[in-house]
Amino acid sequence: MRRWLRHVGRRRWGEDTRGPSPWARGRVLALLAVLIAGLLAFRSAVPNTVGRFGSLLETFLPWLGLPILLVLGLAVLRRSGTALVALLLPAAAWANLFGGLLLGEDRGVPDIVAVQHNVSDENTDPAGTARALIRSAPDLIALQELTPSAVPLYETVLASAYPHRAVRGTVGLWSKYPLTDVRSLDIKPEGIGDDWSRGLRSSAQTPWGDIAVYVAHLPSVRVRLSGFSSGWRDESAGLLGTAIATEKLDEVILLGDLNSTVDDRGLAPVTSQMNAARRGFAFSWPAAFPLSRIDHVMTRSATVTDIRTLPATGSDHLPIAAGIKLGP
């Protein structure tokens, strides 16, 4: 009886007995949406001085789409108009950064098809890996983590279709076009042993003229309690960027395992002067459950028209294939 009397009293005085309005619910969810939008739009403001957390965030930046979807689901369950409106901010920021990558492949015929693959120094089937890469019929194949025992196996399988090859240290390039001016690329950071050799530069003599082809494998990074250990990787990226900046040939193709994504500020010395794919995510690592694309095909004075992953091999990376249109 008392509850009924209180209910009648509230209705008499015009109080709403249905609970908060949709615009009063979900304020915490709205704040989360604004926070995600801030991380996307102002990611460069996340400091990199301690633990390199800025680089860590940028490495997995596309995955901020998942918390957007989570907040969306909770906002619908809460029937929160405030949260739904706030979600427009991170959705717009994410679409601005990555929406173009969701587009289908460019149906134009590329001038050159290039394959990039970290084959893993623990790969137990180099010959099978080489045969798998040939199936995509590329013009250029770049490999990293080559071992002395595996190189002859790759050479045997690839020789007939790719008669021109260059191997320096643990990286190699196989080509349908003649290769000239091949030399090692010094991208070794200070403090790494003298036998570390992970870069080469070559000129490919194509029907469209000479093109500089760079193959690189930047140092690995680790996620530790102290943060993101990317110092050597960043130093190596700086050396690679300097080499590309001084390259005399206008058209450049870079094929490599750069151990981060194009959004990572640590790769800025390279990405600031190169073109990356505008279509396709092509997450390449780890092969069992790809989380990011740390393997890259980039160009200067040319366009990467599309990029895609190829079927898994005996490596912990997936191979990627990219179409390249020459000219600006």
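Above this text sits the structure in question.
Calculation rules
Residues numbered from 1 in each chain as written. Predicted model: local features only at pLDDT ≥ 70, side-chain atom pairs only at ≥ 80, totals over all residues. Heavy atoms only, no water. Pairing = 2+ DSSP bridges. Helix = DSSP H or I, 4+ residues; strand = E, 2+ residues; numbered from the N terminus. Axes fitted to C-alpha atoms, helices over the stretch in contact; angles between N-to-C directions. Contact = heavy atoms within 4.5 Å. Salt bridge = Lys/Arg side-chain N within 4 Å of Asp/Glu carboxyl O. Buried < 20%, exposed > 50% of the residue type's maximum accessible area, 1.4 Å probe, protein only. Expected span 1.5 Å × (residues − 1). Arc of directions from axis to C-beta. Patch = residues over 30% accessible without salt bridge, like charges linked within 9 Å, V, L, I, M, F, W, Y side chains within 5 Å. Areas by Shrake-Rupley, 256 points an atom, 1.4 Å probe, with all protein chains shown as cover.

Caption draft 1: Structural context of the sheet that holds strand β10 (residues 252-257). Judged by pairing direction, the sheet is mixed, and its five strands sit side by side in the order β5-β6-β7-β10-β11 without closing on themselves. The sheet is open, and its two edges are formed by β5 (179-184) and β11 (295-300), each paired on a single side. Ignoring strand direction, the axes of neighbouring strands in this sheet form an average angle of 15°. Note that strand β7 (residues 209-217) and β10 share six bridges and pair parallel. Across the sheet, Tyr-214 pairs through a bridge with Leu-254, a residue of β10. Sitting on the sheet, helix α9 (residues 231-245) is in contact with β7, β10 and β11, with an inclination near 175° to β7.

Caption draft 2: Geometry of the pattern of salt bridges. Under the criterion given, the structure shown has 10 salt bridges. We note a salt bridge from Asp-111 to Lys-325, for which the minimum N-O separation is 3.8 Å. Taken together, the positions of Asp-111 in the loop between α6 (88-98) and β1 (112-118) and Lys-325 in strand β13 (residues 320-326) put the pair 214 residues apart, joining distant regions of the chain. By relative accessible area, which is 18% here, Asp-111 ends up buried. Judged by relative accessible area, Lys-325 falls into the partly exposed class, the value being 38%. Between Arg-233 and Asp-234 there is a salt bridge, and its shortest N-O distance comes to 2.8 Å. Of the two residues, Arg-233 and Asp-234, both sit in the buried class.

Caption draft 3: Up close: the pairing of β11. Here β11 lies mainly inside the structure; six of its six residues are buried. Summarising the sheet, β10 and β11 pair through six bridges and their orientation is antiparallel. Note that in β11 the partner of Asp-257 across the bridge is Asp-295.

Caption draft 4: Local environment of helix α2 (residues 27-41). In a regular helix each residue adds 1.5 Å, so 15 residues correspond to 21 Å; α2 covers 21 Å between its end C-alpha atoms and thus fits that length. Every buried residue of α2 is accounted for by Leu-29, Ala-30, Ala-33, Ile-36, Ala-37 and Leu-40. One side of α2 carries all its buried residues, which in axial view fall inside an arc of 120°. Opposite the buried face of α2, by more than 90 degrees, sit the exposed residues Arg-27, Val-28 and Leu-31. Buried-residue contacts for α2 involve α4 (65-78), α5 (81-86) and α6.

Caption draft 5: Up close: helix α7 (residues 126-134). For α7, the set of buried residues is Pro-126, Ala-127, Gly-128, Thr-129, Ala-130 and Leu-133. Next to the buried residues of α7 lie β1, β2 (140-144) and α8 (151-158).

Caption draft 6: Just a nonpolar patch on the surface, in detail. A cluster of nonpolar side chains, contributed by Leu-66, Leu-69, Leu-72, Val-76 and Leu-84, occupies part of the molecular surface with about 430 Å² of accessible area. Ranked by residue count, the leading element in the nonpolar patch is α4, at four residues. Its place among the elements puts Leu-72 in helix α4. Given the relative accessible area of 35%, Leu-72 is considered partly exposed.

Caption draft 7: Structural detail: the environment of Ala-321. Take Ala-321: it is sitting in strand β13. Overall, the relative accessible area of 0% leaves Ala-321 in the buried class. It is 5.7 Å that separates the C-alpha atoms of Ala-321 and Ile-307, two residues lying 14 residues apart in sequence. Filtering out sequence-adjacent residues up to four positions away, Ala-321 remains in contact with Ala-114, Val-115, Asp-306, Ile-307, Arg-308 and Leu-310.

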